[in-house]
Amino acid sequence: MDTVAGVARVESGSIHDPSRNSPGDVCIRDSTQVGVWEKAFEVRDKPVFMSDVQVFGQKCVDMGVREAAVVMVAAQQSRLDEAHLERWASHFGIGLTLFYGWDDIVDQALFWSGTPKPEAAILAVEFISNRLIAIETSEVGVATWQGLTTSTL
């Protein structure tokens, strides 16, 4: 499966490690400039509000990130005023993308993969399983993921 940035450029902490030294939970380093962040993703499993997005966006601005994304996976997440947030982000010269749930971001990732979607999905399941272990997800969490994916493949 082709990756957008490559493993060497993607950084994330463990599941219980807040993003203190990086702009977000998952970050991509620039391919040409050392010490520069290209993209940052913040993943939230609780409802996200406009102010949460703006705080994250400001952190990205402060750390020189030009592309920021918020992945909102809480079941009770309401739609945010995307037009307002887009104007706000534009004022700071950053791109801001909002993903509502896992389906939203997974569909985009599989579409932009260089591998056909069905093959990319199978490979992604394995990559995610390995990553869950690497970031110290609980044994129950890993088993839940493996149970979900085994029954769907």
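Not measured: the values here are computed from a predicted model.

Chemist: I'd like to hear about a nonpolar patch on the surface, residue by residue, with values.
Modeler: A contiguous nonpolar patch, built from Val43, Trp102 and Val106 and spanning about 260 Å² of accessible area, is present on the exposed surface. With respect to the secondary-structure elements, Val106 resides in helix α3 (residues 102-112). Among the residues examined, Val106 registers a relative accessible area of 39% and is labelled partly exposed.

Chemist: So what's going on with the pattern of salt bridges? Residues and values would help.
Modeler: A complete count under the given rule lists 2 salt bridges for this structure. Two residues, Arg44 and Glu42, come together in a salt bridge whose shortest N-O distance is 3.5 Å. Residue classification places Glu42 among the buried residues on the basis of a relative accessible area of 10%. In this structure, the salt-bridge partner of Arg79 is Glu82, at a minimum N-O distance of 3.1 Å.

Chemist: Lay out helix α2 (residues 82-92) in plain terms, naming residues and giving numbers.
Modeler: Along α2, the residues classified as buried are Leu85, Trp88 and Ala89. Viewed along the axis of α2, the buried residues span an arc of 95 degrees, placing them on a single side of the element. Exposed and facing more than 90 degrees away from the buried side of α2 are Glu86, Arg87, Ser90 and His91. Packing partners of the buried residues in α2 comprise α1 (50-62) and β5 (95-100). Looking one or two residues beyond α2, the residue adopting positive phi is Gly93, at roughly 75 degrees.

Chemist: Break down the side chain of Thr137 for me, citing the residues and quoting the values.
Modeler: Its place among the elements puts Thr137 in the loop between α4 (117-134) and α5 (139-152). For Thr137, a relative accessible area of 17% gives the class buried. A distance of 2.9 Å separates a polar atom in the side chain of Thr137 from the backbone oxygen of Leu132.

Cut-offs applied
Just so you know, the residues in each chain are numbered from 1, in the order the chain's sequence is written. Totals for whole chains, interfaces and linings use every residue, but because this is a predicted model, local features are given only for residues with pLDDT of at least 70 and side-chain atom pairs only at 80 or more, for both listing and counting. Computation of side-chain values: all heavy atoms of the structure, hydrogens and water removed. Think of a patch as exposed residues, more than 30% relative accessible area, with no salt bridge, where like charges cluster within 9 Å and nonpolar side chains (Val, Leu, Ile, Met, Phe, Trp, Tyr) cluster within 5 Å. Only the protein chains shown count as cover for residues, with accessible areas throughout obtained via the Shrake-Rupley method and a probe of 1.4 Å. By definition, a salt bridge exists where a carboxyl oxygen of Asp or Glu is found within 4 Å of a side-chain nitrogen of Lys or Arg. Each helix is a run of H or I in the DSSP string that is no shorter than four residues. Each strand is a run of E no shorter than two, and both are numbered from the N terminus. Classification of residues uses two cut-offs on accessible area relative to the type maximum, computed with a 1.4 Å probe and protein chains only: under 20% is buried, over 50% is exposed, and between them is partly exposed. As used here, the arc belongs to the directions running from the helix axis to the C-beta atoms. By definition in these notes, contact holds between two residues if any of their heavy atoms fall within 4.5 Å. Counting of polar contacts relies on pairs of N or O atoms within 3.5 Å, with two restrictions inside protein: one atom must be capable of donating a hydrogen and the other of accepting it, and residues adjacent in sequence are counted only when both atoms are side-chain atoms.

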